[in-house]
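Listed below are the residues making up each chain.
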Amino acid sequence: MNPQSLQFALEQLRQGGVIGYATEAVFGLGCDPDHGEAVARLLKIKQRPIDKGLVLVAADFSQLLPYLDLAALPEGRLAAILDSWPGPNTWIIPAKPEVPTWLKGRFSSLAVRVTAHAQVHDLCLGFGKPLVSSSANKSGEPPARSAIELTLKMGTELDYILPGKTEGLVNPSLIRDGCTGAVVRPA
């Protein structure tokens, strides 16, 4: 990966920008989860309603701790979640009450993932916290699977598209309920 490209992506994130980047299966749209205007812009670009909630992707579990109410998980569930990371496994975990609606939508929980994708890991590590990670598409349309496809679909609406490659997974990450382990969205 080109260090200048990564630094430019980080600058855009720090300035409240919305970027595109490769994930395990598809390209994603990302921004600072604590920057309400950036999240609102990402939702507008995607044409996604705020009430659906968003996914946060992190370099490691510690980056997610400020957002999660781990005490609300049943005994033993955290171990199962941690055993699945890093990797393309998204878990819905109870959120701390102060987590803004723009992240959790109409829910009292938050969807989170610790990535195994090297570039996303470096992006989150460099940013110092998780990123919003939503598939790079307008609601209801298929997500972009390459930087070129993303440029053609949404390039003018984004502040930057970080060059990179997906890991070739066919489907976006598996989503499971952290409290029960039940599959919410198959991979």
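Anything mentioned here points back to the structure above.
Section: the overall build of the protein chain
When helices and strands are tallied, the protein chain shows six helices and 10 strands. Scaling as 2.2 N^0.38, a compact globule of 187 residues should have a C-alpha radius of gyration of about 16 Å, and the protein chain matches this with 15 Å. For the protein chain, the C-alpha atoms occupy an extent of roughly 45 × 30 × 30 Å along the three principal directions. For the protein chain, buried positions account for 49% of its 187 residues. A separation threshold of at least 6 residues defines the contact pool for the protein chain, and within that pool the share at least 24 residues apart is 68%. Within the structure as shown, the protein chain displays about 8,400 Å² of accessible surface, and the carbon and sulfur contribution to it stands at 57%. Seen as two clouds, the 18 positive and the 18 negative side-chain charges of the protein chain have centres 6 Å apart.

What about unusual backbone geometry?
Pro86 follows Trp85 through a cis peptide bond whose omega is -5°. One non-glycine residue, Gln47, adopts positive backbone phi at about 60°. By the secondary structure assignment, Gln47 is in the loop between α2 (36–46) and β3 (55–58).

Side note on the packing of aromatic side chains
For the coordinates displayed, the defined rule picks out two aromatic pairs. With 6.1 Å between their ring centres and 40° between their planes, Phe61 and Trp85 make a pair best called tilted. Separated by 24 residues along the polypeptide, Phe61 in the loop between β3 and α3 (77–83) and Trp85 in the loop between α3 and β4 (89–94) bring together distant segments of the chain. Of the two residues, Phe61 and Trp85, neither departs from the other in class, the shared state being buried.

Here's the deal with the sheet that holds strand β7 (residues 134–135)
Spatially, β7-β2-β1-β8 is the arrangement adopted by the four strands of the open sheet, whose pairing is mixed. Edge positions in the open sheet fall to β7 and β8 (160–161), since each of these has one partner strand only. Alignment of strand β1 (residues 19–22) against β8, held across two bridges, turns out to be parallel. Paired with Gly20 across the bridge in β8 is Ile161. Those strands touched by α2 are β2 (27–30) and β7, and its axis lies near 140° from that of β2.

Criteria and thresholds
- Residue numbers here run from 1 along each chain, matching the order of that chain's written sequence.
- Given that this is a predicted model, residues contribute local features only at a pLDDT of at least 70 and side-chain atom pairs are listed and counted only at 80 or more, while totals for whole chains, interfaces and linings are drawn from all residues.
- With hydrogens and water excluded, all non-hydrogen atoms of the structure serve as input to the side-chain values.
- In DSSP terms, a helix is any run of H or I states spanning at least four residues, a strand is any run of E spanning at least two, and both are numbered starting from the N terminus.
- Only C-alpha atoms enter the radius of gyration, while the globule expectation follows 2.2 Å times N to the 0.38, with N the number of residues.
- Throughout, exposure labels follow a simple rule: accessible area from a 1.4 Å probe, protein chains only, divided by the maximum for the residue type, with under 20% read as buried, over 50% as exposed, and the rest as partly exposed.
- The contact criterion used is simple: two residues touch if any of their non-hydrogen atoms lie within 4.5 Å.
- Note on areas: these come from Shrake-Rupley sampling with a 1.4 Å probe, and a residue is covered only by the protein chains present in the view.
- His is not counted here, nor are the chain ends, while Lys and Arg score as positive and Asp and Glu score as negative.
- Note that the charge is assigned to NZ on lysines, CZ on arginines, CG on aspartates and CD on glutamates.
- Any pair of Phe, Tyr and Trp rings, taking the six-membered ring for Trp, is counted once the centres come within 6.5 Å. Such a pair is stacked with planes under 30 degrees apart, edge-to-face with planes over 60 apart, and tilted for the rest.
- If DSSP finds at least two bridges between two strands, the strands pair.
- An axis is simply a line fitted to the C-alpha atoms; with a helix, the fit covers only the stretch in contact. Between two such axes, the angle follows the N-to-C directions and lies from 0 to 180 degrees.

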